[in-house]
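Read off the chains here:
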Amino acid sequence: VQVALKSQSNKDCLDSLSMAFGESFSAKICIVEILRNGALTSTYGHYPKTDNIEYWLGDDPLIQKAILSGESQFWDWESTSPTLEEVSHYQKAELKTHLVTPILYKEKTLAVISLQWKTLHKIDEQEMFRIHVISQQVALAINSSLSDQI
């Protein structure tokens with residue numbers, strides 16, 4: 001979070017946060033995207049650093065559920081909801097597990113974190129607790145660093 005606070009640009013801040021989450025939780029892909037008025041924006045950072053990241057968060061039902069509920073949403077290839085037909089982009093991206101966590105500040109969703117694995121990744125209570133605590137810290141960083149964007 002300190003790295004994000006010292007970032008020179010909004011993109012650098014979001015990329016730093018994405019890298020920290022991705023590496024901390026051994027995710028293949030991590031995207032941190034800012035919301036404005038409850039909707040995704042084009043302001044996001046991603047891990048790993050590559051110019052050709054496949055972006056489909058705007059079409060993902062898990063993203064919408066996380067934004068509306070204010071709670072993390074989980075899917076793996078054994079799940080029945082949403083169905084693979086509803087998330088065909090998961091198949092195209094070869095995902096086996098997807099976790100979406102909203103970043104909340106004073107009950108307002110500032111951003112979402114999308115952690116994606118290409119292997120089956122079971123998330124236990126301790127890992128979910130870590131994600132929750134870190135996301136609270138990220139909310140503070142985003143609120144102070146990117147307040148002009150949200």
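The rules behind each value
Residues numbered from 1 in each chain as written. Predicted model: local features only at pLDDT ≥ 70, side-chain atom pairs only at ≥ 80, totals over all residues. Heavy atoms only, no water. Buried < 20%, exposed > 50% of the residue type's maximum accessible area, 1.4 Å probe, protein only. Helix = DSSP H or I, 4+ residues; strand = E, 2+ residues; numbered from the N terminus. Pairing = 2+ DSSP bridges. Axes fitted to C-alpha atoms, helices over the stretch in contact; angles between N-to-C directions. Parallel < 35°, antiparallel > 145°, perpendicular 65-115°, else oblique. Contact = heavy atoms within 4.5 Å. Nonpolar A, V, L, I, M, F, W, Y, C, P; charged D, E, K, R; others polar.

**Focus on the pairing of strand 4 (residues 97-105)**
Strand 4 sits mainly inside the fold: seven of its nine residues count as buried. The pairing of strand 3 (residues 73-76) with strand 4 spans four bridges and is classified as antiparallel. Across the sheet, Trp75 pairs through a bridge with His98, a residue of strand 4. Note that strand 4 and strand 5 (residues 108-117) share nine bridges and pair antiparallel.

**Looking at the packing of helix 2 (residues 10-24) against helix 5 (residues 125-145)**
Two elements in contact, helix 2 and helix 5, have axes separated by 12 Å at closest approach and are oriented at 170°. Judged by the angle between their axes, helix 2 and helix 5 are roughly antiparallel. Every residue of helix 5 that contacts helix 2 at Asn10, Cys13, Leu17, Phe21 and Ser24 is listed here: Arg130, Ile131, Ile134, Ser135, Val138, Ile142 and Ser145. Of the residues in the contact of helix 2 with helix 5, the class split is seven nonpolar, four polar and one charged.

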